[in-house]
Amino acid sequence: MTIPESVKIGGIRYKVEVVDALDVENADLVGSIDYRKQRIQLRAGMGSDITAQTLWHEILHAIFVNLGFDQDETRIEQFAAVLNALVVDNPEMFEKRAALPAGLNGEEAAQAIAQASMNIYGDKSA
Ligand SMILES: [Zn+2]
């Protein structure tokens, strides 16, 4: 997983920071979320799998707040593990699709689509 600079959850954009020391300092914590400051912090120096799962954990805190669910740490940790595995195990589902630039006329849009198709599937006419 690429750690994004920010993530939008339920209409609220949270800044994502990888830091040596969390604002809420506690040696046991590997991540934290501050809803008012719209900020997620992840502890620096962790492995990529733990970092990704920690980001999922903090995202799920925001989702649970959004849905009015209790902040059940066990449930959040369970969801974080299965959602992280879902994304890791099915990367083709989450590939970014190319978007057409705005303001193209019909001919330009057709050319852009043909070019994108060629980039994905190869040139079938060759
Ligand atoms: Zn938590």
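Residues numbered from 1 in each chain as written. Predicted model: local features only at pLDDT ≥ 70, side-chain atom pairs only at ≥ 80, totals over all residues.

Regarding its fold elements, the chain presents 3 helices and 4 strands. Ordering the α and β elements of the chain from the N terminus gives β-β-β-β-α-α-α. In terms of overall size, the chain is more extended than a compact globule, its C-alpha atoms giving a radius of gyration of 19 Å where 126 residues would be expected to give roughly 14 Å. Taken along the three principal axes of its C-alpha coordinates, the chain extends 60 × 30 × 30 Å. Expressed as a percentage of the 126 residues in the chain, the buried residues total 15%. (Helix = DSSP H or I, 4+ residues; strand = E, 2+ residues; numbered from the N terminus. Rg over C-alpha atoms; globule rule 2.2 N^0.38 Å. Buried ≥ 20, exposed ≤ 12 C-beta atoms within 10 Å, placed from the backbone.)

Let us now look at the sheet that holds strand β3 (residues 31-34). Taken together, the 4 strands give an open sheet; going across it, the order is β1-β2-β4-β3, and neighbouring strands pair in mixed fashion. A single partner strand is all that each edge strand has here, and the edge strands are β1 (6-9) and β3. Each strand of the sheet is rotated relative to its neighbour by a mean of 25°, with strand direction disregarded. Two strands pair when backbone bridges link them, and strand β2 (residues 12-19) and strand β4 (residues 39-43) are joined in this way by 5 bridges, in the parallel orientation. Bridge pairing links lysine 15 to arginine 39 in β4. Along the sheet, helix α1 (residues 48-67) contacts β1, β2, β3 and β4; its crossing angle with β3, the most-contacted strand, is approximately 30°. (Pairing = 2+ DSSP bridges. Axes fitted to C-alpha atoms, helices over the stretch in contact; angles between N-to-C directions. Contact = placed C-beta atoms within 7 Å.)

This next bit is on the nonpolar core. In this structure, Tyr14, Ile33, Ile40, Leu42, Ala52, Leu55, Trp56, Ile59, Leu60, Ile76 and Ala80 together form the largest nonpolar core, which totals 11 residues. Within the residue set of this core, elements represented by two or more residues are β4, α1 and α2 (73-89). Top element by residues in this core is α1. It accounts for 5 residues. (Core = buried A, V, L, I, M, F, W, Y, C linked by C-beta atoms within 7 Å.)

This brings us to the environment of glutamate 17. Mapped onto the elements, glutamate 17 comes out in strand β2. Given 16 C-beta atoms within 10 Å, glutamate 17 falls into the partly exposed group. In this structure, glutamate 17 is in contact with Arg39 and Gln41, ignoring residues within four places of it in sequence.

Two strands pair when backbone bridges link them, and β3 and β4 are joined in this way by 4 bridges, in the antiparallel orientation. Bridging across to β4, isoleucine 33 finds its partner in isoleucine 40. The antiparallel hairpin formed by β3 and β4 contains 4 residues in its connecting segment, where glutamine 38 sits at a positive phi of about 50°.

Per the domain assignment, the segments making up the chain are domain 1 (6-94) and domain 2 (99-126). Computed over C-alpha atoms, the centres of domain 1 and domain 2 are 37 Å apart. (Domains from an automatic or database assignment.)

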